[in-house]
Amino acid sequence: RKEVEQDPGPFNVPEGATVAFNCTYSNSASQSFFWYRQDCRKEPKLLMSVYSSGNEDGRFTAQLNRASQYISLLIRDSKLSDSATYLCVVKAGSTLGRLYFGRGTQLTVWP
Amino acid sequence: GAGVSQSPSNKVTEKGKDVELRCDPISGHTALYWYRQSLGQGLEFLIYFQGNSAPDKSGLPSDRFSAERTGGSVSTLTIQRTQQEDSAVYLCASSSPGLRSSGANVLTFGAGSRLTVL
């Protein structure tokens, strides 16, 4: 089983829609969680960290469910500029453990 | 420097040649990763360096691939006897370790080295 699994999509939504992505991880000792965004032909960039109590950054809300070992990202009021691939990232359990990337979920927002 | 620097940005080589790709991480970042990404595919983990610990080489696809990190800073990824399937963008990223410190484990990626093997 892969460390991090995501639905690859694609998700195609109209502007203004709300869209949610889920990601599951296999290591229950995982400690840190992130969402990255990758635009076409560009390198991935951090979108937001995911905290245990859930956190919000503008139109973006991230949630962590440790019991079920999944992370979610909710995007409200989608913009054309939100079109990208969203990568779920999990840090392995130890302090020096490495980061594991999901394959990414592709989102296209259409006008 | 302010960001992760990779060179060359583009490399075209003939099958069977060796190539070296360089990564200069953010100063002070002890963790360094190499990934590769083929067109339309996800990130494929190659190797992970963390401080003075032995590197995690579990992602290297064959013994033609090797990587070094000298002095805990600059890293070089070497591909020997390149094959056409090695064509991809090779991405380097660095981060600072830790559990709770601000910015810990946040990866900053370089712009990548696009390798084309003819």
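This text follows the structure it describes.
So, a few notes on the structure that sits alongside this text. These numbers come from a predicted model, not from an experiment. (Residues numbered from 1 in each chain as written. Chains lettered and ligands numbered in written order. Predicted model: local features only at pLDDT ≥ 70, side-chain atom pairs only at ≥ 80, totals over all residues. Heavy atoms only, no water.)

**A word on the interface of chain A and chain B**
Link 1 in the chain: Contacts between chain A and chain B engage 18 residues on the former and 24 residues on the latter.
Link 2 in the chain: Summed over both partners, the interface of chain A with chain B buries about 1800 Å², with 55% contributed by carbon and sulfur atoms.
Link 3 in the chain: Between chain A and chain B we count one salt bridge in total.
Link 4 in the chain: Two residues, A:R98 and B:D56, come together in a salt bridge whose shortest N-O distance is 3.1 Å.
Link 5 in the chain: Inspection of the region where chain A meets chain B yields five residue pairs in polar contact (both at pLDDT 80 or more).
Link 6 in the chain: Of all elements in the fold, only strand 4 (32-38), strand 9 (84-91) and strand 10 (99-101) of chain A reach the threshold of two or more residues within the side of chain A that touches chain B.
Link 7 in the chain: Per-element accounting of the side of chain A that touches chain B gives the leading share, four residues, to strand 4 of chain A.
Link 8 in the chain: Of the residues that constitute the side of chain A that touches chain B, the class distribution is eight nonpolar, five polar and five charged. (Contact = heavy atoms within 4.5 Å. Buried area = accessible area lost by both parts, 1.4 Å probe. Salt bridge = Lys/Arg side-chain N within 4 Å of Asp/Glu carboxyl O. Polar contact = N/O pair within 3.5 Å; in protein donor to acceptor, adjacent residues only side chain to side chain. Helix = DSSP H or I, 4+ residues; strand = E, 2+ residues; numbered from the N terminus. Nonpolar A, V, L, I, M, F, W, Y, C, P; charged D, E, K, R; others polar.)

**Considerations on the pattern of salt bridges**
Residues and elements named next belong to chain A.
Link 1 in the chain: Considering all chains together, one arrives at seven salt bridges over all chains under this definition.
Link 2 in the chain: Close ionic contact of E56 with R76 constitutes a salt bridge, the shortest N to O distance being 3.6 Å. Of the two residues, E56 is situated in strand 6 (residues 55-57) and R76 in the loop between strand 8 (70-75) and strand 9; the sequence distance between them amounts to 20 residues.
Link 3 in the chain: Under the relative-accessibility criterion, R76 is labelled partly exposed at 27%. (Buried < 20%, exposed > 50% of the residue type's maximum accessible area, 1.4 Å probe, protein only.)

**Some points on the state of the cysteines**
Here, the word disulfide means a covalent bond between the sulfur atoms of two cysteines.
Link 1 in the chain: Under the criterion given, the structure shown has two disulfides over all chains.
Link 2 in the chain: The partner cysteine of A:C23 in its disulfide is A:C88, sulfur to sulfur 1.9 Å. Its S-S torsion of about -70° marks the bond between A:C23 and A:C88 as left-handed, since a negative value means left-handed. Taken as a pair, A:C23 in strand 3 (residues 19-25) and A:C88 in strand 9 lie far apart in primary sequence, 65 residues in all. The pair formed by A:C23 and A:C88 is uniform in burial state, with each residue classed as buried.
Link 3 in the chain: One disulfide bridge connects B:C23 with B:C92, the sulfur atoms lying 1.9 Å from each other. Residues B:C23 and B:C92 share a disulfide whose torsion about the S-S bond is about -65°; that sign makes it left-handed. Remark: B:C92 occurs in strand 8 (residues 88-95) and B:C23 occurs in strand 3 (residues 19-24); sequence separation between them is 69 residues. B:C92 carries the same exposure label as B:C23, and that label is buried. (Disulfide = S-S within 2.5 Å.)

**Here we look at the sheet that holds strand 3 of chain B**
Residue and element names in this part refer to chain B.
Link 1 in the chain: An order of 1-3-7-6 is seen for the four strands of this open sheet, with the pairing classed as antiparallel. This sheet does not close on itself; its edge strands, each paired only once, are strand 1 (5-7) and strand 6 (65-69). Averaged over all neighbouring strand pairs, the angle between strand axes comes to 15°, with direction disregarded.
Link 2 in the chain: Examined bridge by bridge, strand 6 and strand 7 (residues 75-79) share five bridges and lie antiparallel to one another. Looking across to strand 7, one finds that R69 is bridged to S75. (Pairing = 2+ DSSP bridges. Axes fitted to C-alpha atoms, helices over the stretch in contact; angles between N-to-C directions.)

**Observations regarding the packing of aromatic side chains**
Link 1 in the chain: Applying the stated criterion across every chain, the model contains twelve aromatic pairs over all chains.
Link 2 in the chain: Pairing A:F11 with A:F21 gives two aromatic rings, centres 5.2 Å apart and planes at 75°, and the pair type is edge-to-face. A residue pair is termed long-range when its members are at least 10 positions apart, and A:F11 in strand 2 (residues 11-14) and A:F21 in strand 3 qualify at ten residues.
Link 3 in the chain: For A:F11, a relative accessible area of 22% puts it in the partly exposed group.
Link 4 in the chain: Residue A:F21 is classed as buried on the basis of its relative accessible area of 1%.
Link 5 in the chain: When the ring of A:Y36 is compared with that of B:F109, the centres are 6.3 Å apart and the planes differ by 80°; the resulting orientation is edge-to-face. Taken as a pair, A:Y36 in strand 4 and B:F109 in strand 9 (residues 108-109) lie in two separate chains rather than in one.
Link 6 in the chain: Taking relative accessible area as the criterion, A:Y36 reaches 0% and is therefore assigned buried.
Link 7 in the chain: A relative accessible area of 6% means that B:F109 is categorised as buried.
Link 8 in the chain: In this structure an aromatic cluster arises from ring pairing among A:F34, A:Y36, A:F101, B:Y33, B:Y35, B:F45, B:Y48 and B:F109.
Link 9 in the chain: Taking the ring centre of B:F45 as reference, the NZ or CZ of A:R98 above it sits at 3.5 Å. (Phe/Tyr/Trp six-rings, centres within 6.5 Å; stacked < 30°, edge-to-face > 60°. Lys NZ or Arg CZ within 6 Å of the ring centre and 35° of its normal.)

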